[in-house]
Amino acid sequence: MKRNEEYVDPCYNRDLSWTLFNRRVINLATETVTPFLEKLKFLAIGSNNLDEFYSVRVPSIQGQMELSDNGVEKSPVFTTVRF
């Protein structure tokens, strides 16, 4: 997937932005030219981001889904992330 094909929308969802950023950080750790200690740093950052995302944002999204009709948010911004 090319960089500008990842997500194109006039309203950029912060949760999707967060996960795309985390994917870029983890991809930096998988590059062969990255030194070993830098790989560990990138993996630690990615791990911390995922932990925070699942402990803070996922419950918030689930709460928003419970308030919506049949699990579909009326706002088009939230239809991109479903659990």
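Being a predicted model, the structure only gives us computed values, none of them experimental.

Caption draft 1: Fine view of the pattern of salt bridges. Evaluation of the coordinates by the stated rule reveals one salt bridge. Among the salt bridges present, the one from Glu-38 reaches Lys-41, with a minimum N-O distance of 3.5 Å. Of this pair, Glu-38 and Lys-41 both sit in helix α2 (residues 36–67), three residues apart, roughly one helical turn. Look at Glu-38 and you get partly exposed, because its relative accessible area is 31%.

Caption draft 2: Region of the structure containing the packing of helix α1 (residues 14–30) against α2. Interhelical geometry of α1 versus α2 gives an angle of 160 degrees and a closest axis separation of 8 Å. When the axes of α1 and α2 are compared, the pair comes out roughly antiparallel. Viewed along their axes, α1 and α2 form a crossing whose handedness is left-handed. In this structure, α1 contributes Arg-14, Asp-15, Trp-18, Thr-19, Phe-21, Asn-22, Val-25, Ile-26, Leu-28 and Ala-29 to the contact, and α2 contributes Lys-39, Phe-42, Leu-43, Ile-45, Gly-46, Asn-49, Leu-50, Glu-52, Phe-53, Arg-57 and Ile-61. Among the residues forming the contact of α1 with α2, the class breakdown is 12 nonpolar, four polar and five charged.

Here is what the cut-offs are and how they apply
Residues numbered from 1 in each chain as written. Predicted model: local features only at pLDDT ≥ 70, side-chain atom pairs only at ≥ 80, totals over all residues. Heavy atoms only, no water. Salt bridge = Lys/Arg side-chain N within 4 Å of Asp/Glu carboxyl O. Helix = DSSP H or I, 4+ residues; strand = E, 2+ residues; numbered from the N terminus. Buried < 20%, exposed > 50% of the residue type's maximum accessible area, 1.4 Å probe, protein only. Axes fitted to C-alpha atoms, helices over the stretch in contact; angles between N-to-C directions. Parallel < 35°, antiparallel > 145°, perpendicular 65-115°, else oblique. Left-handed = near helix turned anticlockwise from the far one by under 90°. Contact = heavy atoms within 4.5 Å. Nonpolar A, V, L, I, M, F, W, Y, C, P; charged D, E, K, R; others polar.

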